[in-house]
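Chain by chain, the residues:
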2 protein chains.
Amino acid sequence: MHTTKELQKKVSEIFDNQNYIGEPKGLYEPIQYSLSQGGKRLRPLLALLGCSVFGGDLEKVIPPAIGLEIFHNFTLLHDDIMDQAAIRRGQPSVYTKWDTNTAILSGDTMFVLAYDYVTKTEAKYLVDVLQIFNQTAREVCEGQQYDMNYETQEFVGVKDYIEMIRLKTAVLIAAALKIGAIVAAADAKDTQKIYDFGINIGLAFQLRDDLLDAFGEQEVFGKPIGNDIVTNKKTFLYIIAYDKADSSQTDRLDRSFKLQNNVEKVSSVLEIYNQLDIKKETEKMIETYFEKSIQYLDNITLAKEKKEELYSFAKGLMSREV
Amino acid sequence: MHTTKELQKKVSEIFDNQNYIGEPKGLYEPIQYSLSQGGKRLRPLLALLGCSVFGGDLEKVIPPAIGLEIFHNFTLLHDDIMDQAAIRRGQPSVYTKWDTNTAILSGDTMFVLAYDYVTKTEAKYLVDVLQIFNQTAREVCEGQQYDMNYETQEFVGVKDYIEMIRLKTAVLIAAALKIGAIVAAADAKDTQKIYDFGINIGLAFQLRDDLLDAFGEQEVFGKPIGNDIVTNKKTFLYIIAYDKADSSQTDRLDRSFKLQNNVEKVSSVLEIYNQLDIKKETEKMIETYFEKSIQYLDNITLAKEKKEELYSFAKGLMSREV
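On a predicted model such as this, the values are computed, not experimentally measured, just so you know.

## Here's the deal with the pattern of salt bridges
In step 1: If you walk through the whole model with that rule in mind, you get 33 salt bridges over all chains.
In step 2: Its salt-bridge partner being Arg 138 of chain A, residue Asp 116 of chain B comes within 3.6 Å of it at the nearest N-O pair. A residue pair is termed interchain when its members come from two chains, as with Asp 116 of chain B in helix α6 (residues 100-119) and Arg 138 of chain A in helix α7 (residues 123-152).
In step 3: Across the pair Asp 190 of chain A and Lys 193 of chain A runs a salt bridge whose closest N-O atoms are separated by 3.9 Å. Linking Asp 190 of chain A with Lys 193 of chain A, this pair stays in helix α9 (residues 188-215), spanning three residues, or about one helical turn.
In step 4: In this structure Asp 190 of chain A comes out as buried when scored by relative accessible area, which is 4%.
In step 5: Each of the salt bridges in this network shares a partner with another, and the network as a whole consists of Asp 116 of chain A together with Arg 138 and Glu 142 of chain B.

## Some remarks on the interface of chain A and chain B
In step 1: Taken together, the contacts link 33 residues of chain A with 33 residues of chain B.
In step 2: Between chain A and chain B lies a buried interface of about 3,300 Å² when both sides are counted; carbon and sulfur atoms form 69% of it.
In step 3: Looking only at chain A, the three residues that lose the most surface to chain B are Leu 105, Val 112 and Arg 138 of chain A, adding up to 17% of its buried area.
In step 4: Linking chain A to chain B there are two salt bridges.
In step 5: Summed over the shared surface of chain A and chain B, the number is 12 residue pairs in polar contact (both at pLDDT 80 or more).
In step 6: Residues that form the side of chain A that touches chain B fall into these classes: 19 nonpolar, nine polar and five charged.

## Digging into the environment of Asp 209 of chain B
In step 1: Within the fold, Asp 209 of chain B resides in helix α9 (residues 188-215).
In step 2: Measuring from C-alpha to C-alpha, the distance between Asp 209 of chain B and Leu 167 of chain B comes to 16 Å, with 42 residues separating the pair along the chain.

## Notes on the confidence of the model for chain A
In step 1: Mean pLDDT over chain A stands at 95; residues scoring 70 or higher make up 98%.
In step 2: In the predicted complex, the global pTM is 0.96; the interface-specific ipTM is 0.95.

## Quick notes on the side chain of Asp 210 of chain B
Residue and element names in this part refer to chain B.
In step 1: By secondary structure assignment, the location of Asp 210 is in helix α9.
In step 2: Among buried charged residues, Asp 210 stands out as having no salt bridge; its nearest opposite-charge side chain is Lys 233, 7.4 Å away.
In step 3: Within polar-contact distance, the side chain of Asp 210 engages the side chain of Tyr 161 at 2.4 Å.
In step 4: Within polar-contact distance, the side chain of Asp 210 engages the backbone nitrogen of Phe 236 at 3.2 Å.

## Topic: the packing of helix α4 (residues 58-82) of chain B against α6 of chain B
Residues and elements named next belong to chain B.
In step 1: Direction vectors running N to C along α4 and α6 enclose 165°, while the axes themselves pass 8 Å from each other. Judged on the interaxial angle alone, α6 and α4 are roughly antiparallel. Seen from above, α4 lies across α6 with left-handed handedness. Judged by residue contacts, Pro 63, Pro 64, Ile 66, Gly 67, Ile 70, Phe 71, Asn 73, Phe 74, Leu 77, His 78 and Ile 81 of α4 engage Thr 100, Ala 103, Ile 104, Ser 106, Gly 107, Asp 108, Met 110, Phe 111, Leu 113, Ala 114, Tyr 117 and Val 118 from α6.
In step 2: Looking at side-chain class alone, the contact of α4 with α6 contains 16 nonpolar, six polar and one charged residues.

## Looking at the state of the cysteines
A covalent bond bridging the sulfur atoms of two cysteines is what the word disulfide describes.
In step 1: Enumeration over the complete set of coordinates arrives at zero disulfides over all chains.
In step 2: No disulfide involves Cys 141 of chain A; its nearest neighbouring cysteine sulfur is the one of Cys 141 of chain B, lying 15 Å away.

## What about the nonpolar core?
In step 1: Of all hydrophobic cores here, the largest spans 232 residues; its most connected members are Tyr 273 of chain A together with Tyr 273 of chain B.
In step 2: If sequence neighbours within four positions are ignored, Tyr 273 of chain A has contacts with Phe 215, Ile 229, Leu 237, Tyr 238, Ala 241, Leu 253, Phe 257 and Ile 278 of chain A.

## As for helix α15 (residues 278-299) of chain A
Residue and element names in this part refer to chain A.
In step 1: Helix length check: α15, at 22 residues, gives a terminal C-alpha distance of 32 Å against a target of 32 Å (1.5 Å per residue), a fit within 8%.
In step 2: Three or more residues of α15 are buried, namely Ile 278, Thr 282, Ile 286, Tyr 289, Phe 290, Ser 293, Ile 294 and Leu 297. Projected down its long axis, α15 carries its buried residues within an arc of 145°, all on one side. Exposed and oriented more than 90 degrees from the buried face of α15 are Lys 280 and Lys 284.
In step 3: In this fold, the buried residues of α15 make contact with α8 (158-183), α9, α12 (236-244), α14 (262-275) and α16 (308-318).

## Side note on the relation of the copies chain A and chain B
In step 1: With an axial shift of 0.0 Å and an RMSD of 0.0 Å, the rotation relating chain A to chain B amounts to 180°. Both copies are brought into coincidence by an operation consistent with a two-fold rotation axis.
In step 2: Most of the interface of chain A is mirrored in chain B: 100% of its interface residues are interface residues there too.

## Here's the deal with α6 of chain B
All names here are of chain B.
In step 1: Helix length check: α6 (20 residues) gives 29 Å between terminal C-alpha atoms against 28 Å at 1.5 Å per residue, within 8%.
In step 2: In terms of burial, α6 is a largely internal element, 17 of the 20 residues being buried.
In step 3: Of the residues flanking the start of α6, the one acting as N-cap is Asp 99, its side-chain oxygen 3.4 Å from the backbone nitrogen of Asn 101.

## Points about the packing of helix α1 (residues 4-16) of chain A against helix α3 (residues 42-53) of chain A
Residue and element names in this part refer to chain A.
In step 1: Closest axis-to-axis distance for the α1/α3 pair is 9 Å, and the angle between their directions is 130°. In terms of orientation, α1 and α3 fall into the oblique class. Of the two possible hands of crossing, α1 and α3 adopt the one that is right-handed. In this structure, α1 contributes Thr 4, Leu 7, Gln 8, Lys 10, Val 11 and Phe 15 to the contact, and α3 contributes Pro 44, Leu 45, Leu 48, Leu 49 and Ser 52.

## Brief notes about the packing of aromatic side chains
In step 1: Scanning all chains against the criterion turns up 24 aromatic pairs over all chains.
In step 2: Ring centres of Tyr 146 of chain A and Tyr 150 of chain A lie 6.1 Å apart, and the angle between their planes is 40°; on these two criteria the pair is classed as tilted. Residue Tyr 146 of chain A and its partner Tyr 150 of chain A are located together in helix α7, separated by four residues, close to a single helical turn.
In step 3: Taken together, a centroid distance of 5.0 Å and an interplanar angle of 55° make the contact between Tyr 238 of chain A and Phe 257 of chain A tilted. With Tyr 238 of chain A in helix α12 and Phe 257 of chain A in helix α13 (residues 247-257), the pair connects residues that are 19 residues apart, well separated along the chain.
In step 4: Look at Tyr 238 of chain A and you get buried, because its relative accessible area is 15%.
In step 5: Members of the aromatic cluster, connected to one another through ring pairs, are Phe 71, Phe 74, Phe 111, Tyr 115 and Phe 133 of chain A together with Phe 71, Phe 74, Phe 111, Tyr 115 and Phe 133 of chain B.

Scoring rules and cut-offs
- Residues numbered from 1 in each chain as written.
- Chains lettered and ligands numbered in written order.
- Predicted model: local features only at pLDDT ≥ 70, side-chain atom pairs only at ≥ 80, totals over all residues.
- Heavy atoms only, no water.
- Salt bridge = Lys/Arg side-chain N within 4 Å of Asp/Glu carboxyl O.
- Helix = DSSP H or I, 4+ residues; strand = E, 2+ residues; numbered from the N terminus.
- Buried < 20%, exposed > 50% of the residue type's maximum accessible area, 1.4 Å probe, protein only.
- Contact = heavy atoms within 4.5 Å.
- Buried area = accessible area lost by both parts, 1.4 Å probe.
- Polar contact = N/O pair within 3.5 Å; in protein donor to acceptor, adjacent residues only side chain to side chain.
- Nonpolar A, V, L, I, M, F, W, Y, C, P; charged D, E, K, R; others polar.
- pLDDT = per-residue confidence, 0-100.
- Lys, Arg positive; Asp, Glu negative; His and termini not counted.
- Axes fitted to C-alpha atoms, helices over the stretch in contact; angles between N-to-C directions.
- Parallel < 35°, antiparallel > 145°, perpendicular 65-115°, else oblique.
- Left-handed = near helix turned anticlockwise from the far one by under 90°.
- Disulfide = S-S within 2.5 Å.
- Core = buried A, V, L, I, M, F, W, Y, C linked by side-chain atoms within 4.5 Å.
- Expected span 1.5 Å × (residues − 1).
- Arc of directions from axis to C-beta.
- Least-squares fit on C-alpha atoms with pLDDT ≥ 70 in both.
- Phe/Tyr/Trp six-rings, centres within 6.5 Å; stacked < 30°, edge-to-face > 60°.

In structure tokens, the structure reads:
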């Protein structure tokens, strides 16, 4: 058993020592750039944590953990093209710094690299790890497609939205934990439970992200506040606001979302959100998923003290200490 | 042992019965479109052929063979964006029929699907198959990068060019044959020899493609003649022409490649190619790679009659009957 702090240190060491440069340089330099930018390294950390709580040998989880992080960064390269996101982690995104073709092809190469690392998983766990990895990769693509569809789709229901963030965000968090459990030879039931823990904590995490975008403090959140409102993004808050609004409030929401001045727009939308108690509604939903995740954790057949790091990780994620 | 014709029939049956439609439709319809367009299905055929000559069970090679074809089609989706190729197999390419974002994301999903099929390889061959598949996927990306670099790079040598087409085209042909041999439990030396056979026949195949683009008959070639000249593509012919040209011929080549009228341009470049005997030079090079491929084939430790289909396949590829 290792503490989350120890595992974080290990993850940092692994990635500080990675070198992805090869020939042709035009292909590998953007990969090195993307993978050197840091970020939370949440997915490899969760893979190590999943392995550690089941008493597994950390060396066995390192290759697929690296694969998970490279895969995640590959999706960012391509998502940034599709979403025209010029900035990533405070730096120019790859398609901005180089060009679209580079972001496509270096991204594809990262996808191969991810599989290269996953393939290094010990042979007896390889098929199980590949199956969840393939399934997850496919679901992440499906999630991105729904996300893009929702930009132009007039009505998006709460269920649609939750399914989209499950696919786009939660499944990779859950897969990281599950892969850790698999290579620690956890039994199939516990492996499924840690996966379901991951899904629910992943949903809570994304809803919290939606909430902080509207109601957070910029220094803590690390991104400008109100960006989702400015871009008319159909977040959880947006969807339940329209769901709860009466016809006059709906009109006001429509008018507010059409305002050209961003400062006015954000404050006008927030005013209606406040009237509709959207913050509280969202917090309630986050709490629901958090509680559900804890139930799955409770049911994993390990002594409570062995699961301690997962409990405090979940709590930390909710208060954004991680 | 099966004849190439029998195997071609089997490949057709496999792909005629594939259905890739899933949800969301916007993600899977372009995949269905791409994979229903036919094409030569050369790579799965070679995987079956590689398996068959070594007396393997064809059922074992079908999943990775499907994976190879899906992978190949994935690269076409992304290459068509990068190369701005509006037409593919006589139909609008995916990025033209839908849009760039669709071609990126449906392409990514095809890449996952390819791995999904490869993962279905029998467990005892899985690591070997994945290793060559990963290596090949990476090399194909590298080949595409070199190809794009060469568009703007002033000097490209013959060696550079051969290395580029080895990566972009030959390695996938060779990998298909090798994967067939692996799942037929061929020994490591023979597996390497069939791979090297594939590399050389792949190089010969691509050089023949370059040749036909300039000197072929449109009905036989299936594409408009002279397209490489019109687009100033640095093909094998272009490179050796500049290599052989004296200073006055170099000037004439430069001037010809700058002509605005495409009919004039093609005939003017072809005139210089003819003076420089480029057709013969290219045919000599094709013959060299063809002979080399046959040597590797000769050295595979199987009775000559068992290799018959590979010999005639190689000859057929050279006369473009396949």
